[in-house]
Amino acid sequence: MSEQISRAAEISAEQRAREDDVVARVLASFDGCADPRRKELLRGVVTHLHAFLRDVRLTEEEWAAGIAFLTAVGHLTDDRRQEFILLSDTLGASMQTIAINNEAVGDATEATVFGPFFVEGSPEVGRGGDIAHGAAGEPCWVEGTVRDVDGRPVPGARIEVWEADDDGFYDVQYADDRTAARGHLFSDRDGSYRFWAITPTPYPIPHDGPVGQMLEATGRSPMRAAHLHLMVRAPGYRTLVTHIFVRGDELLASDAVFGVKESLVRDFERQGAGTPTPDGRSIDGTWSRTSFDIVLAPAPA
Ligand code: BEZ
Ligand code: FE
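Residues numbered from 1 in each chain as written. Chains lettered and ligands numbered in written order. Predicted model: local features only at pLDDT ≥ 70, side-chain atom pairs only at ≥ 80, totals over all residues. Heavy atoms only, no water.

1. Examining the overall build of the chain
For the chain, the helix and strand inventory stands at seven helices and twelve strands. Overall, the C-alpha framework of the chain stretches about 80 × 40 × 35 Å when taken along its three principal axes. Counting only residues that meet the buried cut, the chain has 39% of its 301 residues in that class. A separation of at least 24 residues holds for 70% of the contacts in the chain among residues at least 6 apart in sequence. Of the roughly 16500 Å² that the chain leaves accessible, carbon and sulfur atoms contribute 54%. Seen as two clouds, the 30 positive and the 48 negative side-chain charges of the chain have centres 5 Å apart. (Helix = DSSP H or I, 4+ residues; strand = E, 2+ residues; numbered from the N terminus. Buried < 20%, exposed > 50% of the residue type's maximum accessible area, 1.4 Å probe, protein only. Contact = heavy atoms within 4.5 Å. Areas by Shrake-Rupley, 256 points an atom, 1.4 Å probe, with all protein chains shown as cover. Lys, Arg positive; Asp, Glu negative; His and termini not counted. Charge placed at Lys NZ, Arg CZ, Asp CG, Glu CD.)

What follows is the structure, encoded as structure tokens:
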């Protein structure tokens, strides 16, 4: 920062006036924009972009490298791979947008990143059903309640669940058309829910593209802390997109997309082989269990 201040201090009044003039002319170019929100957004982008360029005294080589980087991000992006969202995620822009749009209301459950692996139309599993559908991993019993901020049960909430398998991949990352480690269920009349999944394990975000190069060049890891994705929807309530994280996971402090919130970390208690399961299911090896109570905020007016 002090380096930047000293560089800015070296700029003559004449130079500063020339740079101010560019900003003023670009801002004025939006004067005729009829849509006030569009005008606000574009003026904001220009103001902050020019402030950045001037603060860091961007060189022309750096400008060209930035353009080349964004071009590579665009070239990799298609309807299966969204490198721009990965860029937004790894720069914290996704989490910042989520923070802005999910204002704290009472003890409503905190939201976190959506990620690129949600699929609409997942199979419904009944009460206590298994969303694993054969995915590799240790069985995990998940239970909890869905309530409103006044503590009243929310029956019939649609709970979508999806997660990576033990090899670190979501079903959609495999070349076959499998559906595994995803499903949905509904909360009961008393707001309770329960299902089998697999114990979440850490995995890397896709890092074979320009975003991966950026992470490597900056000494950052592509690993996400182990998590289970949940999306909870119920009429009259704000849709909640969140995760359950695993207490004790070493990656909680360095999640590649800044998605970890302390309020979302839970114990996943490992159960020895032969421990009776809550629903009488017979399991040969170890299994785990966790509990996650969900509080939904009212839908925004
Ligand atoms: C995920 O958790 O599935 C995810 C989130 C952000 C980027 C990549 C993956
Ligand atoms: Fe994920």
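So that's the structure; there's more coming.
2. Considering the coordination of the iron ion (ligand 2)
Coordination of the iron ion (ligand 2) by the protein is provided by Tyr170 (OH), Tyr203 (OH), His227 (NE2) and His229 (NE2), with metal-donor distances spanning 1.9 to 2.1 Å. Because the angles between the six donor atoms bound to the iron ion (ligand 2) fall within 54 to 168°, the donor set is best described as irregular. Sequence spacing among the residues donating to the iron ion (ligand 2) works out to Y-x32-Y-x23-H-x1-H. Taken together, the residues span a long stretch of sequence, with Tyr170 in the loop between strand S2 (158-162) and strand S3 (182-186) and His229 in strand S7 (residues 227-233) at a distance of 59 residues. What makes His229 buried here is its relative accessible area of 2%. (Donors = N, O, S within 2.8 Å, 3.2 Å for Na, K, Ca; no water. Tetrahedral: all angles 85-135°; square planar, octahedral: opposite > 155°, others 65-115°.)

3. Overview of the site of ligand 1
Lining the immediate surroundings of ligand 1 are Leu86, Asp89, Gly115, Pro116, Phe117, Tyr170, Tyr203, Ile205, Arg224, His227, His229 and Val257. A distance of 3.3 Å separates an oxygen atom of ligand 1 from a polar atom in the side chain of Tyr170. Note that an oxygen atom of ligand 1 is positioned 2.7 Å from one of the side-chain N or O atoms of Tyr203. The protein chains hide 100% of the 260 Å² of surface that ligand 1 would expose on its own. Those elements that place two or more of their residues in the shell around ligand 1 are helix H5 (83-90) and S7. Within the shell around ligand 1, the residues separate by chemical class into seven nonpolar, three polar and two charged. (Near = heavy atom within 4 Å. Polar contact = N/O pair within 3.5 Å; in protein donor to acceptor, adjacent residues only side chain to side chain. Nonpolar A, V, L, I, M, F, W, Y, C, P; charged D, E, K, R; others polar.)

4. Quick look at the packing of helix H2 (residues 13-28) against helix H3 (residues 36-56)
Taken N-terminus to C-terminus, the directions of H2 and H3 make an angle of 160°; their axes are 10 Å apart at the nearest point. With respect to their mutual orientation, H2 and H3 come out roughly antiparallel. Handedness of the crossing formed by H2 with H3: right-handed. Of the residues in H3, those in contact with Arg16, Glu19, Asp20, Val22, Val23, Val26 and Leu27 of H2 are Arg43, Val46, Thr47, His50 and Arg54. Along the lines of polarity and charge, the residues of the contact of H2 with H3 split into five nonpolar, two polar and five charged. (Axes fitted to C-alpha atoms, helices over the stretch in contact; angles between N-to-C directions. Parallel < 35°, antiparallel > 145°, perpendicular 65-115°, else oblique. Left-handed = near helix turned anticlockwise from the far one by under 90°.)

5. Section: the sheet that holds strand S8 (residues 240-246)
Pairing between the strands of a sheet comes from backbone hydrogen bonds, and it takes one of two forms, parallel or antiparallel. Here we have five strands laid out as an open sheet, ordered S3-S2-S7-S8-S9, and mixed in their pairing. Each edge of the open sheet carries a strand with a single partner, namely S3 and strand S9 (265-266). Here S2 pairs with S7 via five bridges, running antiparallel. Counted as the bridge partner of Arg158 is Arg233 from S7. (Pairing = 2+ DSSP bridges.)

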